[in-house]
Every structure is written in C-alpha cells, then in structure tokens.
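Descriptive structure summary
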Amino acid sequence: MADPVPATPRWNHERPFLTGRFHQEVKVSSQNAGSKPFYLDSTSRGNERDIASYAVSVQELLLIDDLLSALVGIEGRYISIKRIRGKEGHVVFQIDKSMDLALQDSTERIFPLCEGFVLVSHFVEMKSRFKAGLVNHALAAALRTFLLDYQAMIAQLEHQFRIGKLSSQSLWFFCQRMMGSMKALSILVEKANANNVSGSATLNLLQSQVKAMAGDNTVRSLLEKMTECASAAYFAILERWVYEGVIDDPYGEFFIAENKSLQKESLTEDYDAKYWEHRYKLKDGIPTFLTTVSHTILTTGKYLNVLRECGHPVQVPLSEKSKLTSFGSNHQYLERIKAAYDFASGELLTLIKNKYDLIGKLRCLKRYLLLDQGDFLVHFMDTAREELSRNPSEISVEKLQSLLDLALRMTAAASDPCHEELTCCVEKGSLLKTLTGLKDLLDSSADVSNLATDISDQSEPLNLTGLETFSLSYKVQWPLSLVISRKALTKYQLIFRLLFHCKHVNRQLCAAWQLHQGFRVYKILGTAMSRSSILCRSMLKFINSLLHYLTFEVLEPNWHMMHDRLQTARSIDEVIQFHDLFLNKCLKECLLLLPQLLKKVEKLKALCLQYATSIQIMIASINIAELDKSDRKVRKNQLVGDQLNLSLSKTGIPDSILRLEMEFNAELQSLMPILSKNSQAEPYLTHLAQCILGFGTDL
C-alpha cells in the first residue's frame, strides 16, 4: 500500500545550503570514538587581520557586526558555527580567543540566544514536512511567526548599529527580552525532538511546559499561545468527529481509531461480533485536556455514524459560539462537546424508537420467542409433530417454515405484520450442549468445566429429535441489530428452546392424562392404572409449576421492568445495557446459567417423556373391546381390574411405571436441597423451591 504522505523533494536533501544546514560539522576522531565530541578550531579566513591587532573599540564594532549575523544563524569573520554530529539541529558558537576578554565574556552571554535560534529554526524546518503531522505543522507555523518577530528585532538592532547607536552592552540589554522565551522554546524543541512527538503527544508536552513555566508570566503566555495554535489543528479534527461523525485524520494523530474491517452486517451473523465496541476505539495518547470527556467524544461520533448509515442527516446544528477552536481556562469546549453528545444521542434514540419501532420489535420477540402468544404454537405443534419427531439431520427446515407460516396465518398472529420476520431453525445439539459452547454466559468457571466434562463423557442422546433442537429466529435489520444482535437473539433462542420443550412435555403428559380418563368408568382402584394416574398427576403438577415459574415469575416481571427502563433511557448505549441486563437476568432465573439445576430439570423432563411413552404403549396393549363384551355393568366393573392387571402383566408395564415413579420421586427429592441451598444466594429460586416442596408433601 502506497504511503499517503507526500515525499520531501529531493533537492531538499541534495542542496542543504538552501535549508540553512550549511554549518561545518564537528567530527569525532577515530582514537576517541565513543567519547564526547570535541570542537574543531575555526577554519582559515584568508588574509583577515587578527582581531587582537585592533583597538578594543574597533574589536567591539567588529564583534557586534558578527553577533548580528550569529543571532540569525550566520557565521561571521570572528565567530564560527559548528554542528554536532549525532545531535540534529544542535550547534555551538565559537569566538576568536585572541579577542579582548571582556568582549569575549559579553559575547558568550549572547551565544545561548544564537544557538536557540538555530535549534528552533531547524525544528521549524523539520516539522514543516508532510510526515510531521497537522499538530506539528501548526506548532511550526506558530514558531515561525515567533522567529519572524525575533528577526524583526535583529533588523532593528542592525539599524541602530548602522547609525552608530548600538554598543555591546546595549545589544546585551535588548537581547535579554528574548533570552527567556528562546530558552523555553529551545527546551520545548529539545524534548520534542528527543521523544519524536506528534499529535496529542505534542499537545501534552506543550501543556506540561506551560505548567513548568508557571512562575514566568511572559514565557507562560508565549507557551500558551503556542499551545493554542498547535491545538487548533487538533480541534479541527475533533470538530468534524463530534459534529459530523467523520475522522479526518490523514496522519493518524487523533485519539480515536477506525477499524474498517468490522462491518455492521456482523451484528446479525456473528455471536461474538465486536462491531459496536471495536469499530471505533480509543487509542493511547489522549490529550490531557480531553481525558475526562474522551468516552463522550467517542460515543458522540459513533452515534452520528449510525445516523449516517441510516440515511439520516448527521450535521449537528452549528453557530459561531459552538465551534471548537481551542481550549482555555473557561472550559467552554467541554460544554460544546456535551451539547453535541446530547444532540447525537437524542436524535439516534428518537430514530430507533419512532422510525424503527424498537419497542414494537421487542414486543414481537416476547410474543413469539418468549411464547407470550401461544395459539400459533399449539397449531404449529399439531401440524409439525411428525416432522419434529425425526432426527435433526433428517428434518426439512423448508417444510417446518411452511408449516410455521401456515400456523401464523391461521391464528391471531395473522394480524401482526411482524410475524413475517419469523424463521425456523434446527440446532445441531441439545440445549445443554449448546450452553456448553457458550461459556461466556455461564457464571462459574467450575460449573463450565464440570458441565463440559459431563457432556464430553456422554454422547448426545440417541433419541434426540427436532423437539429438543427446534428454535425460532427473527430477521433484524440495521440499526435495530445494535440492540437485537446475534448474541441477543441467541439468548432469546435459549429461553425459547427451554419453554418449547416444556410445552411439549406438558402436551405429552396431558395426552397421557386424557388416556387415563377413559378408564374412570371402570373399577381400577389398586391396579397399575391407578398408580400410573397418580404419577401422571404429580408430573403434570411439576411441569405446570415450572412453566408458571418461567412465565409469570421470571419473564413477565423482568420484561415489564425492562420496558419501564427503556422509557427513561437517554442513549442507545443505555438501551443496549437494559436489554442485555433483561436477557442475562432471564437466562439466570430460568436456570439456564445454573448447570447443576438445569441438568436436574432436564432429567425430570426426560422421565416425564419416558412415562408418557410408556403409557401410550400400555393403553395400546389393553383390549377395550373385550372388556365391553360383558352385558352386565356390575360384572364388567368386577372383571376390569383382573383384565387390566392380566393385560399389563404380560407387557411388563407395571414394573416400568414403578421404576419411573421411583426415579422421578428420587430426582424431585434431590432437587429440593439444591434449590433450598441456592435460594439463599439467589432469592428468585425461592418461588420455585416452594412449588417443588409442595409436590413433596403431596406425593
């Protein structure tokens, strides 16, 4: 990929004299390699007379003439300039040692100003290159303005010298005004060069230097002006981000980075999608004056980007007072950033709630995936019973989808336009297996490892059918996918699978109970049928109480709590937070995040299904027609017990019912202490524990 930063012209390197880099370099001898560099004596200047041969008054005039040149980085006849190898931009000024000592002393006091000018000039030249970045460009421009004022002062001094009104003492007096400023800028430039700062690092360095010069009002004011000029470029980037949601950062100086590889489509496809968290992220090196509002700035631009993706106008209303030009002691820029955040947040929240009907979509998810409206499900389970009884790999999803559409059109759901977004899917494994793969949902790492070990030790049930793996899904469009993401839908589907299977168990037990009612006209007291009827009633109590707990103790109150919170949400991030909190709380209270309890419940449901299957076999083995041949009712009632016992004993069903009864009661009894223990830490289990304990006394 080509470098977007233009290259510096070749002549800038081939002809250094054009850039001021014409000073002789101080070299290190081979014998003293690694030691401090030593300075060479001045080169020969031809037939120039030795300055010591002149009178002191003449020496002073010659010295002032050379100093005026040295002050702008130009060598004179008796003052030479040497560059130091390994220290870019640093030079040393040397004076002819034969000069009068007093003049030498006064001259050397001015040399720091001369060296500072060369150093700052070199920094301006280097940081004006393309690759230095906008902040360094702005700082270099501000320094260049300062140097122009400095050079204007030197020109005025030269004029005074030409008219004979400038002495070495007056020159020193006039230069003192610039000494402190040039020294402060030299220190700034040295630190900037040493750390190779750019962008926010440059602004932080400027701020630290301003604080360091708090005792010198003149220097502090100068550095504050430099900071203001340098930050103007940074605020231009910041302004486009918080007012338009655009990162206009050609040199990578802004503290927010964009990852263009993350696309919004991943929200509906990838369970671990990081679009909202990582599409735009904070980088290291946030300017200190923006640290407290960095997350607000990040969020403001993110909201504006969502508005743009939706085709909604994203321009924040601007006025002259709302422009971000610089920061100051009044902190007005913080108020303007907060105002931009409030606008972006309000616009996005209004758009999602009103135009895209977020609350309506959440109601649809509650209606269909949380089984708030069950008439379509009854019709669907009746028509799709045969298909769902197959192995998951043999199920036709297309056929299930057509049956679902038929059920939706023939029930009250037909009037709901949202039902068209419902789709069918068949998972590959059981509910426990699916939860094991979603380890980020489970609370305890120990539970995760135990559950994973248990499932890895035993393969999937051989009789796994579509009734255990069937689920509904919902088509979610942008920008609702920010709230109803793939991860959120997966959580809805986990709850749906639990409820759907509980409904299936309930239907099977109800069918078994209806079969028992056909024998009420007979005298079955004391028979296996009577024992089976009692067991069926206990199982129905268990599954009905479980469904009641899941629906009315968990889903309904939590959904209404979330609904009330969404009405007061002030940003889309709060909406996402409240929605995720609702789902996570429902998952936990539905026992889906408590593997030990969930496995117990799954075991109890499996026993209920085994019992329902056994009852169907038992009833089919009884020849009702033979019982009805007796003409006398009393006689028939007396013989029915014997006939039932005889028919059932041949099939071995009584033993099977007895075994299931013992297993069911044992599992139910083992569940009680676990619920009682966990209800102390998890109060929501108290209601379920009371229901289970009620079964125990009834049994």
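**Some thoughts on the confidence of the model for the chain**
- On average, the chain scores 80 in pLDDT, and the residues at 70 or more come to 80%.
- Counting interchain partners and residues more than four positions distant, the pLDDT-below-50 stretch residues 444–449 has three contacts.
- In this model residues 695–699 is a low-confidence stretch, pLDDT under 50, and it forms eleven contacts with partners more than four residues away in sequence or in other chains.

**Section: the packing of aromatic side chains**
- Using the criterion set out here, one finds 18 aromatic pairs in the structure.
- A ring pair is formed by Tyr234 and Phe254, whose centres lie 5.9 Å apart and whose planes are at 55°; its orientation type is tilted. In this pair, Tyr234 is assigned in helix α7 (residues 217–244) and Phe254 in the loop between α7 and β4 (256–258), connecting sequence segments 20 residues apart.
- We classify Tyr234 as buried; its relative accessible area is 0%.
- Note on Phe254: relative accessible area 0%, which makes it buried.
- Residues Trp276 and Tyr303 carry aromatic rings whose centres are separated by 6.2 Å and whose planes lie at 10° to one another, so their mutual orientation is stacked. Taken as a pair, Trp276 in helix α8 (residues 275–278) and Tyr303 in helix α9 (residues 294–309) lie far apart in primary sequence, 27 residues in all.
- Under the relative-accessibility criterion, Tyr303 is labelled buried at 0%.
- Among the aromatic side chains, those forming a connected cluster through ring pairs are Phe380, Phe470, Phe496 and Phe500.
- Directly above the ring of Trp478 sits Lys264, whose terminal nitrogen or CZ lies 5.9 Å from the centroid.
- The residue whose ring lies beneath Lys487 is Tyr271, and the NZ or CZ to ring-centre distance is 5.2 Å.

**Describing unusual backbone geometry**
- Of note, the bond from Trp478 into Pro479 is cis; its omega dihedral lies within 30 degrees of zero at 5°.
- Within the secondary structure, Pro479 sits in the loop between β7 (470–474) and α18 (486–517).
- Its identity is not glycine, yet Asn196 carries a phi of approximately 50°, on the positive side.
- The residue Asn196 is located in the loop between α5 (168–195) and α6 (200–212) in this model.

Conventions and cut-offs
- Residues numbered from 1 in each chain as written.
- Predicted model: local features only at pLDDT ≥ 70, side-chain atom pairs only at ≥ 80, totals over all residues.
- Heavy atoms only, no water.
- pLDDT = per-residue confidence, 0-100.
- Contact = heavy atoms within 4.5 Å.
- Phe/Tyr/Trp six-rings, centres within 6.5 Å; stacked < 30°, edge-to-face > 60°.
- Helix = DSSP H or I, 4+ residues; strand = E, 2+ residues; numbered from the N terminus.
- Buried < 20%, exposed > 50% of the residue type's maximum accessible area, 1.4 Å probe, protein only.
- Lys NZ or Arg CZ within 6 Å of the ring centre and 35° of its normal.

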